[in-house]
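Per-entry structural report
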Amino acid sequence: MDLNLRKAILANVSDNNKEQLEATIIDAIQSGEEKMLPGLGVLFELIWKESSESEKTEMLDALEQGVKQAH
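Residues numbered from 1 in each chain as written. Predicted model: local features only at pLDDT ≥ 70, side-chain atom pairs only at ≥ 80, totals over all residues. Heavy atoms only, no water.

A short note on the packing of aromatic side chains
What counts here: Only centres within 6.5 Å qualify two rings of Phe, Tyr or Trp (six-membered ring in Trp) as a pair; their planes then separate them into stacked at under 30 degrees, edge-to-face at over 60, and tilted for everything else. Helix numbers and strand numbers start at the N terminus; a helix is a DSSP run of H or I with at least 4 residues, a strand a run of E with at least 2. Partly exposed residues are those whose accessible area sits between 20% and 50% of the maximum for their type, while under 20% is buried and over 50% is exposed, using a 1.4 Å probe and protein chains only.
Counted under the stated rule, the structure contains one aromatic pair. Plain terms: the ring middles of F44 and W48 are 5.8 Å apart, the flat faces sit at 40 degrees to each other, and that makes the pair tilted. Here the residue F44 and the residue W48 both occupy positions in helix α3 (residues 37-50), the gap between them amounting to four residues, near one helical turn. Look at F44 and you get partly exposed, because its relative accessible area is 40%. Judged by its relative accessible area of 27%, W48 is partly exposed.

Written as structure tokens, this is what we have:
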């Protein structure tokens, strides 16, 4: 991903509180628009970096289940 795109996405949400961040995530998922995927990726990157090993394991378990259910 282009570093400028990452910076732009972070700048767009840098002043958001928890509720605004949640609304952004929900809107991106519900819209189903491909153009929202880079933003979700940047947000996930932040979540991943701030998570403990046990939280990462929990996310990976949830992801694995979600991938299996998507098929």
